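If you want the building blocks of each chain, they are given just below.
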Amino acid sequence: MDKSAEAKRLEEARVQGLPWRKWGPYLSERQWGTVREDYSQDGNAWDYFAHDQARSRAYRWGEDGLAGISDDKQNLCFALSLWNGKDLILKERLFGLTNSEGNHGEDVKEYYFYLDSTPTHSYMKYLYKYPQSEFPYRDLVETNRRRSRQELEYELLDTGIFDEDRYFDVFVEYAKETPENILIRITVINRGPEPATLYVLPTLWFRNTWSWKEGGSRPVLKKVPNGASNSIISTSHPELGDRFLYCDGAAGLFFTENETNNERLFHAPNATPYVKDGINDYIVQGHEGAVNPQKVGTKAAAAYRLTLAPGTFQTLRLRLSDVGPAGRTAGNKEQNVPFGDSFDALMQKREREADAFYATVIPYSLNSDAARVMRQALAGMLWSKQFYYYDLDMWLKQHNADSFKATHAAPRNNHWHHMYNADIISMPDKWEYPWYAAWDLAFHVLALTLVDEDFGKQQLDLMLQGHYLHPNGQLPAYEWNFGDVNPPVHAWSTIFSHRLEMARHGKGDIEWLERSFQKLLLNFTWWVNRKDRSGRNAFEGGFLGLDNIGVFDRSAPLPTGGYLEQADGTAWMALYCQNMLEIAVQLALERPSYAEMCTKFLEHFLWIAAALAHEGGDVGMWDEEDGFFYDVLRLPDGTAQRLKVRSMVGLLPLCAVTVFEGELVRKYPHLNDELRRFLAGRPELTVFIHDPTQTGYAGRRLASILNENRLRKVLSKLVDENEFLSPYGIRALSRYHAEHPYVFHLGDREYRVSYLPAESDTSMFGGNSNWRGPVWMPVNALIIRALLQYYTYYGNGFIVECPTGSGRQMTLYQVAEELARRLSSIFLRDKGGCRPVYGGTTKFQQDPHWRDYISFYEYFHGDNGAGLGANHQTGWTGLIASVMHLFSSTTAEQALELGKMAAVIETAAIARGAKAKVAATAT
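How each quantity is defined
Numbers given to residues run from 1 along each chain, matching the order in which its sequence is written. Only residues with pLDDT of at least 70 are given local features in this predicted model, and only at 80 or more are side-chain atom pairs given and counted; all residues enter the totals for whole chains, interfaces and linings. Excluding hydrogens and water, the side-chain figures rest on all heavy atoms present in the structure. Only DSSP runs of H or I with at least four residues qualify as helices, and only runs of E with at least two residues qualify as strands; both kinds are numbered from the N terminus onward. Here, residues are in contact when the closest pair of their heavy atoms is within 4.5 Å. Surface exposure here means Shrake-Rupley accessible area, sampled with a 1.4 Å probe, where a residue is shielded only by the protein chains that are shown. Charged residues are defined narrowly, with Lys and Arg counted positive, Asp and Glu counted negative, and His plus the chain ends left uncounted. A charged residue contributes its charge at one atom only: NZ of Lys, CZ of Arg, CG of Asp or CD of Glu. Whenever Lys or Arg places a side-chain nitrogen within 4 Å of a carboxyl oxygen from Asp or Glu, that contact is recorded as a salt bridge. The classification of residues rests on relative accessible area computed with a 1.4 Å probe and restricted to protein chains. Under 20% of the type maximum is buried, over 50% is exposed, and intermediate values are partly exposed. In this scheme, strands are said to pair when DSSP sees at least two bridges between them. Here an axis means a line fitted to C-alpha atoms, over the contact stretch when the element is a helix, while the angle between two N-to-C directions is reported on a 0 to 180 degree scale. Note on ring pairs: Phe, Tyr and Trp rings are taken, using the six-membered ring of Trp, and paired if centres are within 6.5 Å. Classes follow the plane angle, with under 30 degrees stacked, over 60 edge-to-face and the rest tilted. In this analysis the charged atom, NZ for Lys or CZ for Arg, is taken to sit over a ring once it is within 6 Å of the ring centre and within 35 degrees of the ring normal. Within 3.5 Å is the distance limit for a polar contact, defined as a pair of N or O atoms, with the added protein rule that one can donate a hydrogen and the other accept it, and that residues adjacent in sequence qualify only through two side-chain atoms.

### A look at the overall build of the protein chain
- When its secondary structure is counted, the protein chain shows 27 helices and 34 strands.
- Overall size of the protein chain, expressed as C-alpha extent along the three principal axes, is 90 × 70 × 60 Å.
- At a minimum sequence separation of 6, the contacts of the protein chain that also span at least 24 residues come to 71%.
- On the protein chain, roughly 31,900 Å² of surface is accessible, and the fraction owed to carbon and sulfur atoms is 48%.
- A distance of 3 Å separates the average location of the 98 positive side-chain charges in the protein chain from that of its 115 negative side-chain charges.

Below, the structure written as structure tokens:
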């Protein structure tokens, strides 16, 4: 099969080093209110640098913008600015509420959509919906602030600003002619009933790198003298070199400096007469002295004033290039006609190439609506890349925190002086979470490898490099507290990526796998040394990404004293052992010295699994009467009790399961003898867990905490619609707790856990996420993986009733397939034409200009599937693309025969000839 043009670009980037990924959507969507920009004494990042300051205050560590792009070091940035003639400020960036302003925490209050992107960003498409009336900034803040945690959030649509369709659709498209020559097309549509005027200001600027250190060289933007109809801005940067922005038919060019307006913010003199908000003040307030008449600066905008009749559109064309105009050169290249017929032809060609690329990714069996969902999910993954810059040593010194002295501490991250981040990283959500999170990133990679395996591997590599990984072996969590603890899923993502590479290319990168394994050993050792307090192989870990799921804040000292033995922390470590064993097996098949590491991780898994599953004597995490796992509270007086909350905490032991094909013991038969001797001397290890010496379908072995009896007990709750099984996936907390809340009394204080299918009703972990009932995509993906692992071991003979009480019998493959169907249905149109993700929002359900644009929320209502939390967390919610891909291109027979799911995914795709239906991106 011939490679698509995009596949060839990926190969050129990998083999020849062509910089096809150099330019991309690497701007943040919110740099204000971040930890990096926080220089307060109390660590209140939200209030120290607010949205109202963002237009006037230069950032130190990154830039944000609307539908923007930058180079991969974010030296030069391009984004859109808009003005409807009524707003008090330019729309230069997305607006949202801070954590204290929102009744459910921080939340973006805009409507924007990532419609398309190829992996090299050779073609990208974005949509922003801009109201024609004055944007209701104050109304959104004040109304949400008045609402309680028991009330719904007040959204932009609720304000009535989109009534009568009085808004503009602003589509932004990018197409690369070469890695350094980028075409930009902006299409504005008046959806309203009357003529309306819009000012469109495509903006080019340099990230401010010169104000924070002495001797920093200042780059320059300036107008190129030109008699033609095209306005041209030239750029000169000491590292990036020269570039030119061609602006077809622009009415004017305006220049200022990307410098803080000290006079407005701090009542202090400005360093320059032209400051960051100069263009805003010129356009909105008419201050002619706010822009530089010499047409030079570090921030510039081209101006277009469009007046559109109802239902009409107008298109603007720009080009950002390293090729100079006629008579000027950049790299000895000349360009005479930046626009013309060739411009539109190239745009159309790149869009067709994007279609052709996704035809090799999206399974043919998906209908057009499902293909649309999958394509937009992957587009969101690719648009969510961001240049993340954070030099912790410099930042801590700026806070007067010395790594060798304890005299002064910064508000956070004092023990991470070694950290230096300056990379393109996949973000959870570039507005709500414009910073990486280690466990989110591991899930991102599973979806990203569908389209760009090289970028996926590079993301895994980053977290293990010495300027990320702590010297003690801890992976960084997230910028609010790098020392917090995320679940250890990095090894799982690593072995998945390696096996996918083997399936695609017939071999894997064994050097990469070995390098990753060595660094993961450091992290594994950190877990063992830091999180197993008593040496009993029962692990803690704090909140472990599940925020408010526990009776108490699991990352804080317990109000009871003592400590928790966590069922999820212990299960994560059991899975970690299995994943490290999988990696060691792959290495040992080529390098015999790793065979002993296989024995080490298998034995360690058995100790952990036995600790999690044991009964009798001391209080353990398994409750035989309930057939479920719980956290155990160990009190200072030596007593212990189970905290009997039926939650994802108790389901995660189900996920600690891996099938092994037996190739290792075939090559090294003595390892099997050693395992039998080890177990013979410790028969207590396998009393309550699955015996790893028992063979299943096709002679496979199974590493599992759950033996068959316990597996059936846990599954009966998993697929019970009165417990965990929602119409839209597996809930994070059982619906049992709707009628039976768990209550823990401590003196006169009551701690209660109830089923909350929507938003959180507490402020725990900021109150902007909820694990007490909603459906979360990443843990559902883990459960699907587990079901398929069990299936490839037990085969078709293992049948369960699904849903519980229905009388309907299913294999575990069919259960996994049913779960995938329910998850997918969140985003797909139902029989009535509605998408559950949009709940009762009429505009999104019925309006033809809204209903096919998909938002991939952070989590979903446990009963009706409506999207909740961050509304662009395509990061791990983008996993839906992998789920849809798997079950639309794989049969139960293929899963059973192939065994390893990464191989199943890729081999099935190859077998079907990579045919696909392509969902046209709606305009």
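### Description of the pattern of salt bridges
- Taken as a whole and judged by the stated rule, the model has 68 salt bridges.
- Between K397 and D393 there is a salt bridge, with its nearest N and O atoms 3.2 Å apart. Taken as a pair, K397 and D393 lie in helix α9 (residues 392-398) at a separation of four residues, close to a single helical turn.
- Residue D393 is classed as partly exposed on the basis of its relative accessible area, which comes to 23%.
- With its nearest N and O atoms 2.9 Å apart, the salt bridge here joins R634 to E565. Of this pair, R634 sits in strand β23 (residues 631-634) while E565 sits in strand β20 (residues 563-565), placing them 69 residues apart in sequence.

### Brief notes about the pairing of strand β29 (residues 742-746)
- Bridge count between β29 and strand β30 (residues 749-753): five bridges; the pairing is antiparallel. By the bridge assignment, L746 is partnered in β30 with R749.
- The turn joining β29 and β30, which pair antiparallel and follow one another in sequence, is formed by two residues; a positive phi near 65 degrees is taken by G747.

### Focus on the sheet that holds strand β8 (residues 167-178)
- Judged by pairing direction, the sheet is antiparallel, and its nine strands sit side by side in the order β6-β7-β8-β9-β17-β13-β12-β11-β15 without closing on themselves. The sheet is open, and its two borders are formed by β6 (112-117) and β15 (296-297), each paired with just one other strand.
- Of the strands in this sheet, β6, β7 (123-131), β8, β9 (181-190) and β17 (313-321) are in contact with helix α7 (residues 341-358), which crosses β8 at around 85 degrees.

### Quick look at the sheet that holds strand β16 (residues 299-308)
- Strand order in the open sheet made by the six strands is β1-β2-β3-β10-β16-β14, with antiparallel pairing throughout. Only two strands of the sheet have a single neighbouring strand rather than two, namely β1 (23-24) and β14 (252-256).
- Relative to β16, β14 runs antiparallel, the two being bridged by five bridges. Bridged to F255 within β16 is A300.

### Regarding the pairing of β23
- On β23, burial covers both faces: D631 and L633 on one face and V632 and R634 on the other are all buried.
- Here β20 runs beside β23; their pairing, made up of three bridges, is antiparallel. Bridged to Y563 within β23 is R634.
- Across four bridges, β23 lies against strand β24 (residues 640-643) in antiparallel orientation. From the neighbouring strand, L633 faces β24, where its bridge partner is Q641.
- The turn linking β23 back onto β24 is made up of five residues, and G638 within it adopts a positive phi angle of 95 degrees.

### Considering the packing of aromatic side chains
- One pass over the structure, following the stated rule, counts 68 aromatic pairs.
- For the pair Y111 and W850, a centre-to-centre distance of 5.4 Å together with 70 degrees between the ring planes defines the contact as edge-to-face. Taken together, the residues span a long stretch of sequence, with Y111 in the loop between β5 (107-108) and β6 and W850 in the loop between α23 (842-846) and β33 (859-860) at a distance of 739 residues.
- The class of W850 is buried, set by a relative accessible area of 0%.
- Measuring from ring centre to ring centre gives 5.2 Å for F357 and Y358, while their planes differ by 80 degrees; the resulting arrangement is edge-to-face.
- Classification of Y358 as buried rests on a relative accessible area of 0%.
- Between the NZ or CZ atom of R712 and the centre of the ring of F798, over which it lies, the distance is 3.9 Å.

### Describing the environment of T143
- By the element assignment, T143 lies in helix α4 (residues 137-146).
- As for T143 and T159, which are separated by 16 residues in sequence, their C-alpha atoms are 9.8 Å apart.
- Within polar-contact distance, the side chain of T143 engages the side chain of D139 at 2.8 Å.

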